[in-house]
Each structure stands twice: as C-alpha cells, then as structure tokens.
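# Chain and residue survey
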Amino acid sequence: MVASTRARLHLCAALAAFPALPLAARLAQLQVLEHGRLNAMATGETRRSEVEVVPRGRILDRHGNLLAESLPASSSFIDPLSARGHEREFGLVAKALHMDPAEVRRKARGANRFAWLKRKLEPSEVDALKELDLTFVGLTPDERRAYPNQELASSLLGSVGVDGKGLSGLELTYDRDLVGRVQKIQLLRDGAGRTMPLAARKETQGPPDLTLTVDRGLQHYAEAALEEAMAKFQPAWASAIVQDPSTGELLAMASLPVDPLKNRIFQQIYEPGSTFKAVTVAAALDEGVSAPGEVIDCSGPWEIAKGVFIKDHEPEGMLALDQVMARSSNVGMAKLGLRLGPERFFRYARGFGFGARTGLRFPGESAGLLKQKADRDRVSLGNNAFGQGLAVTPLQLVAAYSAIANGGRLLEPRLVRGVGHGELPETLPQPVRQSATPKTIGALARMLEGVVEKGTGVSAQVPGYSVAGKTGTSQKIDPNTRKYSGTDYIASFAGYVPARAPRFTILVVIDSPKHQYYGAEVAAPVFAKIARQALALYGVPPDRPLPVRFAALPQR
C-alpha cells in the first residue's frame, strides 16, 4: 500500500514536471544558445552612437586676437542602396544643396552604402535638406575653417582641406598640433526615444592654440599700404615685412596678390640690388680694406674685365665711402668687392644669413642663391658686391638689416610665440652669430642714416624720427634674351626706425612696377607709411624735433 502510494506520487510529479521541460529547453535555447544574437538585437534597439567633432585648434596673434578658428558645420551624404527608386527626388536634393543634378545622380549610382554629397554645408542648405525629410539622404557633424579677418595674412596662415588637414602655410606646418578629431559617444535610448550617455562624459580639451608673433593691427596697416602701391604701380607682386630687431619677432608679413598656397616672403627669391650693398660695406670695413673717410674713384663706365663695363645710373667721380653708399655707386661697390676677394665676400654674405634657410618652420622656404667662393670670377664678384647675380628671400634680407640694427648680432626670425592653452612663457631671442664687429656696424649705421638724410632714400623719411636704410633697384633677367632687362625692375627699400634706438626693421619689395621703377620712388614711400603707423601703434616717442611749419599771416 505504501509503495503504491509512493509510485503514484512520483507519477504525478513527473506528469506535473513534463510541461516544464519544453519551457526549460526554450529558456536554455534563448539564454544560452541564442544569447549573443538576442543581446545584439536588444543593443541595436536601445543603444545609439553619435559622432562628436572636436574642432581644429585656433590661430591667434600676439595679443590673443583671433586669426583662424573652426566652427560647427554639417556635411551631407547619400545611401545609394536606399536611393534606388527615388530618382524623382534627386532634383530636389540638387536644388537644396546648390549642386548639379547630374552630380547627385552620379553619386547615387555608387556601389557602397555611403557617398558624400556635399561637405561643409551652409546653414541654409542644412535647413533645406532637413525640410525634404528624405530617408536616403543624411547629415553628419563636421567643422568649417573660418578666418574672421577675411584675407588678412592668408598667405601666411595657409589653407585647410575638406578633410580638416592643413594644405599650406602655418596650417600645414603645425597640422599635427592643430588637427581636430572625431569621437563617438555611446547613448542609451528608452522607449520614448529619449537618450542618455552610457558613461559619464569626460571633459575633452581640444587641440592647443597656435599663438603667433604677428600683430593683427600692424598686419592690416602693412597690407593696406601694399594695396595702395598695387593700385598705383600695378606690379606683379609686392611684399612687406616688419620685424622687431631686438627679439627677431616678425610683427607683420604682408604679400599681395593673396595666394594661400604660396608665401613669397619665404619662398620667392629675387636679386636684392643695392639693398645688398650694406653687406659689402660691412665686410670691407670689418676686414680693413676700406675706411669711412676713404675716397674712391667711382668714374665710369669702369672696365672690370675685358669688354665688361660697370656703370652707375648717373656718372660719378671721386666719392668718400659714405657718399658711395648714399649715392649708391655700383662702380665703388664693385671695387670694394674685388678688394675683399671671393673667400671673404662669401664668408660675410653667409655671416649675414644669405645662402641658408633662416630656421623657421615654414614649408617650402628657399635658401636663396649664393655662389660658393670657388665659383666666383672677377665679373661675378664685382656684380655680387652691388647685389646682382645672387638671389635672396625677403625674409633673409630683413633679418640681415635687423642684424645691423641690433649691433651686428644676427637672430633667428621668430613667427610663433608658442603652442598651448592660456598664458605662454616668454622665450628668449635665439642668436645665430655676430655678423660683424660693433665698431663696423656703428660706422655702417651712420652711413645708412645718411642715405635717408641726403641720399637716395630721402623719400623714406619719417617726420620726428631718425631712419636708416637703403634703396634697391635691381634689373630682372629677360627670359627671352637671358640678359638683364632695361625695362623690368624690382624696387625695394630696407631699413629700420628709429635709427638711434631701433624698434622696427621694415622691408618693402615691389616686383615689376609700372610707370616708375626706382626704389626711391616706389618702395621707400611705402616703407615710410608703414613706419609711421608702426611707431604710432606702439607709442614710440620721437627722437628728433618735429618740423615746424609757420602759417602765413593774413595781410591787413
């Protein structure tokens, strides 16, 4: 009896458990065998990811004024697979994005699920595309590089491509520091479509700022002065540089016409002409082959070699060395060059920074053209002495004149104050070498001051301030004859102000001006205009009495 009762109980228990077996098997299938697939489905329904763009770093001037920044933007894409059967809407898409309908159709025929339609959309284009509400077209976050000062310093700043990478200028040089990035954020979505981050969002610091030595205000003045010269003389190009000679900091670097892919200040080479004569005189004084009071026979034309003559613009006679500089005598300079010889001439040219890059991090910087001493015969040495037959960049020449203003100490030019956020530490000037002795530089400085007082550079005078500098009018090579042209010139003026306590070194170079071509007529007045504005902007007090003009009294 007890055994039968136990058997009946076991049978009842088995019968009661039997319906649970399929349920258990199903649960095992779902929880174990199909766990991965079901978990992925649930994740796909409840989790989303968004793209966040960390913008490219800013570029600032020396005072923290904005020169370049990246702003939020949107880019549009198309899903070619989903676009099939929607050909009628392609025209609407093209109209919204201001695209050619044929271009939209071409991109819709792609083999992949993704193709860019248009990058960096304008806000109006984003709104127009959203209004269409098409399933096969989408928007994704992006960034657009903006230059709030429009074309100011654009040749220096450079450009950025659609992918956010630097293409030229400082945007390319410092691309690794400035480049932005894209990061994904994982979100959890509830049944109502609301989202929240899966994890606490960390504060992400964007790329560092690039702070330049350039002064935005002075850059504007330099470009405005060049624009006037461009309108008046219609040259092929014009450049102007302003440098602080005591630190090497570049305060303005203007070049017109604007070309974001090329900066002539670093990359353009030209024959400096008479502005190079300061180097020849420095070498002659330093080596003792001439002295400030020496009188040199500058009569011409002078036969430097059989059948080869050197002459001046106007016939000269016996000139003291300071007059040779003031009157810009080619004959006198050629004779000094021959006295120096090729080895010493080459050494001093290199000593002032010519024939080598300046050390700035800028793409495509040229080292100029300077013959080795062994390659320089009597004619080429004489020509080189007055700035013909060699080539320099504007940056090399302004650095050389800053060395003269700085007592002969050549400094590395500085364009970047630092890379980083917030206040940047002060950096000391980087000396390269002593180009000539202070005694030599003192005598040369007095000659350069005389050029502006009573020589070819009188049009560079600034009322109330002493100015030292040198004009340059260099002939260009005619590509057809391969000889020096008698009608095509480069006009220039290099100098510093105030001459007695220099604050600014300024170089102006104007290529192929029309109507007039002498440096005194074309470049020196531009120098004076930029110098006046720089002195006023920085509050530099006059070092000379201002000229007094007396108004005529009315007659009674």
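Heads up: the structure comes first, above all this text.
A brief look at the structure comes next. Because the structure is predicted, anything quoted here is derived from the model rather than measured.

Summarising burial for helix 16 (residues 378–385): 6 of the 8 residues are buried, a large majority. Within the span of helix 16, buried status applies to Ser-380, Leu-381, Gly-382, Asn-383, Asn-384 and Ala-385. Those residues of helix 16 that are buried are in contact with helix 13 (277–286), strand 14 (302–305), strand 15 (308–310) and helix 15 (330–351). With a side-chain oxygen positioned 3.3 Å from the backbone nitrogen of Val-379, the residue opening helix 16 is Asp-377. In the segment just after helix 16, Gly-387 is the residue with positive phi, at about 85°.

Look at helix 11 (residues 216–233) against helix 20 (residues 524–537): their axes get within 10 Å of each other, and the N-to-C directions meet at 160°. The orientation of helix 11 relative to helix 20 falls into the category roughly antiparallel. Crossing hand, helix 11 versus helix 20: right-handed. Side by side, helix 11 and helix 20 meet where Gly-217, Leu-218, Tyr-221, Ala-222, Ala-225, Leu-226, Glu-228 and Ala-229 of the first sit next to Val-526, Lys-529, Ile-530, Gln-533, Ala-534 and Leu-537 of the second. In the contact of helix 11 with helix 20, the residues fall into 10 nonpolar, 2 polar and 2 charged.

So, about the pattern of salt bridges. Across all of its chains, the model carries 24 salt bridges by this definition. Several salt bridges share partner residues, and in doing so they unite Arg-56, Arg-145, Glu-171 and Asp-175 into one network.

Attention now moves to the sheet that holds strand 22 (residues 504–511). Backbone hydrogen bonds are what pair the strands of a sheet, in a parallel or an antiparallel way. Read from one edge to the other, the open sheet built from 5 strands follows the order 12-11-22-21-20, with strand pairing classed as antiparallel. At either margin of the open sheet sits one strand with a lone partner, and together these are strand 12 (250–256) and strand 20 (468–478). Averaged over all neighbouring strand pairs, the angle between strand axes comes to 10°, with direction disregarded. Relative to strand 12, strand 11 (residues 237–243) runs antiparallel, the two being bridged by 6 bridges. Opposite Ala-238, over in strand 12, you have Leu-256 as the bridge partner. Contacting strand 11, strand 12 and strand 22, helix 11 crosses the sheet at an angle of about 30° to strand 12. Taken strand by strand, helix 18 (residues 438–454) contacts strand 20 and strand 21 (483–497), and its axis lies near 75° from that of strand 20.

What counts and how
- Residues numbered from 1 in each chain as written.
- Predicted model: local features only at pLDDT ≥ 70, side-chain atom pairs only at ≥ 80, totals over all residues.
- Heavy atoms only, no water.
- Buried < 20%, exposed > 50% of the residue type's maximum accessible area, 1.4 Å probe, protein only.
- Helix = DSSP H or I, 4+ residues; strand = E, 2+ residues; numbered from the N terminus.
- Contact = heavy atoms within 4.5 Å.
- Polar contact = N/O pair within 3.5 Å; in protein donor to acceptor, adjacent residues only side chain to side chain.
- Axes fitted to C-alpha atoms, helices over the stretch in contact; angles between N-to-C directions.
- Parallel < 35°, antiparallel > 145°, perpendicular 65-115°, else oblique.
- Left-handed = near helix turned anticlockwise from the far one by under 90°.
- Nonpolar A, V, L, I, M, F, W, Y, C, P; charged D, E, K, R; others polar.
- Salt bridge = Lys/Arg side-chain N within 4 Å of Asp/Glu carboxyl O.
- Pairing = 2+ DSSP bridges.

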